[in-house]
Amino acid sequence: LFVAITTVVTASLTQAALDASQCRTMYVTIQSHTENAANWDGVYSLDEESGATSFGAPIWRLCLRADDVASTDTCTMSLKYIETHWVLSGRNHELLIYNTSSSMSLPTEQVTNWTHEYYDDLVAVHLSCSDTFSPTAAPSNAPTLSPTFSPTLSACDVLIVS
């Protein structure tokens, strides 16, 4: 009996790790309670740099630009596994919780109901994976200024062919 239980847990951990390697970017979209959607909506990146995990499962983080948050810690938004639940920690530090009860499997490419930590309301959440990273986790709100008004040329920039 002990061997069978160990095998099941190991298989779940292995499956979660396999899925993470194919899901470097997690797109989170709140489908209901849209007035609060900005608290969780966004593009979360797999935390490969630090190698951090939670209960053996990968962690995805959404880092905001410093001018978007009052706190000095700009990477407080996360999607991680805690014991028997997947937890979305929002911009306002409130949590959405998805109970997996028997496995670490994360429901992607479908709408699932998550529970708000303070209320009994169910929140419809859509998770979508990509195996590539976004160019940046914190893009600017507007285009940057051009570096020059006209092309800069030097003697080395022009090739004359006769």
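Residues numbered from 1 in each chain as written. Predicted model: local features only at pLDDT ≥ 70, side-chain atom pairs only at ≥ 80, totals over all residues. Heavy atoms only, no water.

Trainee: I'd like a rundown of the overall build of the chain, residues and numbers included.
Mentor: Check the secondary structure of the chain and you find 1 helix and 10 strands. A buried classification covers 29% of the 162 residues belonging to the chain. Carbon and sulfur atoms provide 57% of the accessible area of the chain, an area that totals close to 10,400 Å². (Helix = DSSP H or I, 4+ residues; strand = E, 2+ residues; numbered from the N terminus. Buried < 20%, exposed > 50% of the residue type's maximum accessible area, 1.4 Å probe, protein only. Areas by Shrake-Rupley, 256 points an atom, 1.4 Å probe, with all protein chains shown as cover.)

Trainee: With reference to specific residues and values, describe the pairing of strand β6 (residues 77-82).
Mentor: Sheet topology places strand β5 (residues 60-62) next to β6; 3 bridges connect them, and they run antiparallel. By the bridge assignment, Trp60 is partnered in β6 with Leu79. The hairpin turn running from β6 into strand β7 (residues 85-89), its antiparallel successor, is 2 residues long, and Glu83 in that turn takes a positive phi close to 55 degrees. (Pairing = 2+ DSSP bridges.)

Trainee: Describe in detail the packing of aromatic side chains, supporting the description with residues and values.
Mentor: What describes a pair of aromatic rings is the distance from one ring centre to the other and the angle between the planes of the rings. Considering all chains together, one arrives at 4 aromatic pairs under this definition. An angle of 50 degrees between the planes, with centres 6.1 Å apart, marks the rings of Trp60 and Trp86 as tilted. Of this pair, Trp60 sits in strand β5 while Trp86 sits in strand β7, and the two are 26 residues apart along the sequence. Across the pair, Trp86 and Trp60 agree in class, each one buried. Aromatic side chains Tyr98 and Trp114 sit 5.4 Å apart centroid to centroid with 35 degrees between the ring planes, which places their arrangement in the tilted category. Of this pair, Tyr98 sits in strand β8 (residues 95-99) while Trp114 sits in strand β9 (residues 110-116); the two residues are 16 residues apart in sequence, bridging distant segments of the chain. (Phe/Tyr/Trp six-rings, centres within 6.5 Å; stacked < 30°, edge-to-face > 60°.)

Trainee: I'd like a rundown of the sheet that holds β6, residues and numbers included.
Mentor: The sheet built from 8 strands closes into a barrel, its strands ordered β1-β2-β5-β6-β7-β8-β9-β10 with antiparallel pairing. Between one strand and the next, the sheet's axes are offset by a mean angle of 35 degrees, whatever the strand orientation. For β9 and strand β10 (residues 122-130), the ladder comprises 6 bridges, and the chain directions are antiparallel. Paired with Gln110 across the strands is Leu127, a residue of β10. (Axes fitted to C-alpha atoms, helices over the stretch in contact; angles between N-to-C directions.)

Trainee: Can you lay out the pairing of β8 for me, pointing to particular residues and giving the numbers?
Mentor: Across 5 bridges, the pairing between β7 and β8 is antiparallel. Bridging from a neighbouring strand, Val87 pairs with Ile97 of β8. Where β7 folds back on β8, the antiparallel hairpin that results is connected by 5 residues, among which His93 adopts a positive phi of roughly 70 degrees. Inspection of the sheet shows β8 paired to β9 by 2 bridges, in the antiparallel sense. Its bridge partner lying in β9, Ile97 is registered against Thr115.

Trainee: Account for the pattern of salt bridges, naming residues and giving values.
Mentor: Any two side chains of opposite charge can pair, given that their charged atoms come close. Per the stated rule, a full pass over the model turns up 1 salt bridge. With a shortest N-O distance of 2.9 Å, Arg61 and Asp47 are connected by a salt bridge. You can see Arg61 sitting in strand β5 and its partner Asp47 sitting in the loop between β2 (42-46) and β3 (53-54), a full 14 residues away along the chain. A residue is classified by how much of its surface remains accessible, and Asp47, at 15% relative accessible area, is buried. (Salt bridge = Lys/Arg side-chain N within 4 Å of Asp/Glu carboxyl O.)

Trainee: Break down the confidence of the model for the chain for me, with residues and values.
Mentor: The predicted coordinates should not be examined in detail at positions where pLDDT is low. On average, residues of the chain score 73 in pLDDT, and 62% of them reach the 70 mark or higher. For residues 1-18, every residue scores under 50 in pLDDT, and the model assigns this stretch 7 contacts once sequence neighbours within four places are set aside. (pLDDT = per-residue confidence, 0-100. Contact = heavy atoms within 4.5 Å.)

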